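Breakdown of the fold
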Amino acid sequence: MSIPPVPSRSFPKSFLWGTATASYQIEGAITEDGRTPSIWDTFSATPGKVTNGDTGEMACDHYHRWSEDLDILADLGVGAYRFSIAWPRIHPEVSGPANQKGLDFYQRLIDGLRDRNITPLPTMYHWDLPQALEDQGGWANRETALRFADYAATVLEELDGIEKWTTFNEPWCSAWLGYGYGIHAPGRTDIGDAVRATHNLLLAHGLGVEAARSLRPDVEIGLTLNLGVHRPGTSHPDDRAAAWRADGNTNRLFLDPLFRGSYPEDMLEIYADTNGFDAMREGDLALISAPIDFLGINFYTPGTVFGAGREQQAREAGFNLGPARTSTDKDYLLAIGAETPGRPQTAMGWEIDATALRELLVRLKNEYTAVPLYITENGAAFHDYVDSSGRVLDPERVTYVHQHLSACLDAIADGVDLRGYFLWSLLDNFEWAYGYSRRFGIVWVDYDSGRRIPKESFHWYRGVVTTNELDTRS
Ligand code: IFM
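Residues numbered from 1 in each chain as written. Predicted model: local features only at pLDDT ≥ 70, side-chain atom pairs only at ≥ 80, totals over all residues. Heavy atoms only, no water.

**Observations regarding the sheet that holds strand β5 (residues 164-169)**
The criterion, for reference: For two strands to be treated as a pair, DSSP must find no fewer than two bridges joining them. What counts as a helix is a DSSP run of H or I of at least four residues, what counts as a strand is a run of E of at least two, and both are numbered from the N terminus. Angles run from 0 to 180 degrees between N-to-C directions of axes, and those axes are lines fitted to C-alpha atoms, restricted for helices to the stretch in contact. Residue contacts are defined here by distance: any two heavy atoms, one from each residue, within 4.5 Å place the two residues in contact.
Strand order in the closed barrel formed by eight strands is β2-β3-β4-β5-β6-β8-β11-β12, and the pairing between neighbours is parallel. For this sheet the average axis-to-axis angle between neighbouring strands, irrespective of direction, equals 25°. Across five bridges, the pairing between strand β6 (residues 220-226) and strand β8 (residues 294-298) is parallel. Bridge pairing in β8 links glycine 222 to phenylalanine 294. Against the sheet, helix α15 (residues 395-413) engages β2 (16-20), β11 (373-378) and β12 (418-424), with an angle of about 170° to β12.

Encoded structure:
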């Protein structure tokens, strides 16, 4: 008896397949070739900030092993690779000339990708701010946005072979985890600074777009946001209001200025007493809302939200609540990482629900923009290990990615102009405050020897990207 073939669904012909990484998470070589410290060097060297005291000093040693890593990408068969450029390698001092050795490293990387027929998709900023700029106020200081414009101009002018640039990765994390909640570098806990940083990061993005339009009209430019789907825990009005508030902080605070040229009224009101919006100057919103060519979306998990004082009801409904994040955010409980009864989680404690990705993509199309969309990050950490035969079997990751790719296909069928998908991440790497304790890679990295072992998910993903099809088995 022959086994019937598993039916499959196809992606659009020109769909761009890739994987993603970021400079500080993989490069190492933090003092090499003129690089100066970034805020993550300082933060990770501060006792108690990162699990096990891990730092990016060695990371995956990609700075030296880049060619081997590009061979792995070629073997994977992807058409594109998303990586970021370390600002402290390019402008090691606050002012002064660009560092040729830093530029040379990235040009070698770009050329190496091109030689392998892989399209480079660089991000200008994925969180490694030069410490010297943090010493002058960091993202809470408007000057940093102006320095970003200089840095953007340098990479735009000096690096060849790029068709698509991304200015920022996840400005919400830089502003709120870094300046509001103290969980990421630089570790500040001032909500006013988080609001100021939000505005200055958006302004810097606008200045980056302006630089690209004047210096390199031949390139496309966009940015990547980490967007969420916040579901009220119940239909109680307090939970619904809390979910809208969480949506404001994560989504509308960024999407509205970028696509509508204004901050949401409720956010202006809620954060009025922090004076953070005093950072705004005339003309800023016009710069911020200048048209972009595409939007990158990083999506991992939805969040469930309960109103203040409703802990008891939430627990009774079976949720394991996360703490309210800060004193000024205590009027709602944001239960990201909540254990919704019956739903699986990743090793980050993040609930898995791919239907939220489709919902998010459709909302972006309906409410915000018609520009092409790319999933610039999606993936999962699990408790991987090398088994006795030397293999890393990670069926949970395959299931996770399968479900999210299926959601992408559903969104495309709903009319969303989704052009590509970048799996986070190519390599296991430095997962910020979690150090090396969380593995997101489809390639295992042995941090002692540097050895790379493609996981089962790597081989599975190769099948998807080379056929441009997703089987419909699960
Ligand atoms: O590792 C990070 C990445 O740097 C930014 N987006 C989320 C990933 C997983 O936490």
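And the narrative resumes.
**Topic: the pattern of salt bridges**
Where charged atoms of side chains with opposite charge meet at close range, the side chains can pair. Selection rule: Salt bridge, as used here: a side-chain nitrogen of Lys or Arg that lies within 4 Å of a carboxyl oxygen of Asp or Glu. Here the term buried applies to any residue with accessible area under 20% of the maximum for its type, exposed to any over 50%, and partly exposed to those in between, with areas from a 1.4 Å probe on protein chains only.
According to the stated counting rule, one finds 37 salt bridges in the structure shown. Its salt-bridge partner being aspartate 410, residue arginine 9 comes within 2.7 Å of it at the nearest N-O pair. Here arginine 9, found in strand β1 (residues 8-10), pairs with aspartate 410, found in helix α15; they are 401 residues apart in sequence, far enough to count as distant. The salt bridge partner of aspartate 69 is arginine 452, with a shortest N-O separation of 2.9 Å. Placement of aspartate 69 in helix α3 (residues 62-76) and of arginine 452 in strand β14 (residues 452-454) is noted, with a sequence separation of 383 residues between them. A relative accessible area of 9% places arginine 452 in the buried class. Salt bridges sharing common partners tie together Asp384, Asp394, Arg397, Asp428, Arg439 and Lys455.

**Description of empty space enclosed by the protein**
Vacant regions in the atomic arrangement are exposed by a probe of water-molecule size rolled over the atoms. Note the following rule: Cavities and pockets were defined on a 1 Å grid built over protein atoms only: a cavity is a set of grid points that admits a 1.4 Å probe from which the probe cannot escape, a pocket is an open set flanked by protein on both sides within 12 Å along at least five of seven lines, and lining residues are those with an atom within 4 Å of any such point. Grid points are joined across faces, edges and corners, and a volume is the space filled by probe spheres set on the points. Amino acids are sorted into nonpolar (Ala, Val, Leu, Ile, Met, Phe, Trp, Tyr, Cys and Pro), charged (Asp, Glu, Lys and Arg) and polar (every other residue, Gly among them).
Per the counting criterion, the structure on display carries three cavities of 30 Å³ or more. Contributing to the lining of the largest cavity are Ile39, Trp40, Tyr125, Trp127, Trp139, Cys173, Ser174, Tyr179, His184, Ala185 and Pro186. Put simply, the parts of the chain that give the lining of the largest cavity at least two residues each are α2 (39-44) and α8 (171-180). Looking at the lining of the largest cavity element by element, the count peaks at three residues for α8. Split by residue class, the lining of the largest cavity holds nine nonpolar, two polar and no charged. Volume-wise, the second largest cavity comes out at about 40 Å³. Lining the second largest cavity, in full, are Ser23, Tyr24, Glu27, Gly28, Ile30, Arg35, Gly56, Ala86, Arg89 and Asp128.

**With respect to the layout of surface pockets**
In this structure, the second largest pocket occupies an estimated 210 Å³ of space. Lining the second largest pocket are 13 residues; nearest its centre among them are Val229, His230, Asp247, Glu359 and Arg363. Taken together, the elements giving at least two residues each to the lining of the second largest pocket come down to β7 (230-232), α10 (237-260) and α14 (355-368). It is α10 that provides the largest number of residues to the lining of the second largest pocket, a total of five residues. Residue composition of the lining of the second largest pocket, grouped by class: five nonpolar, three polar and five charged.

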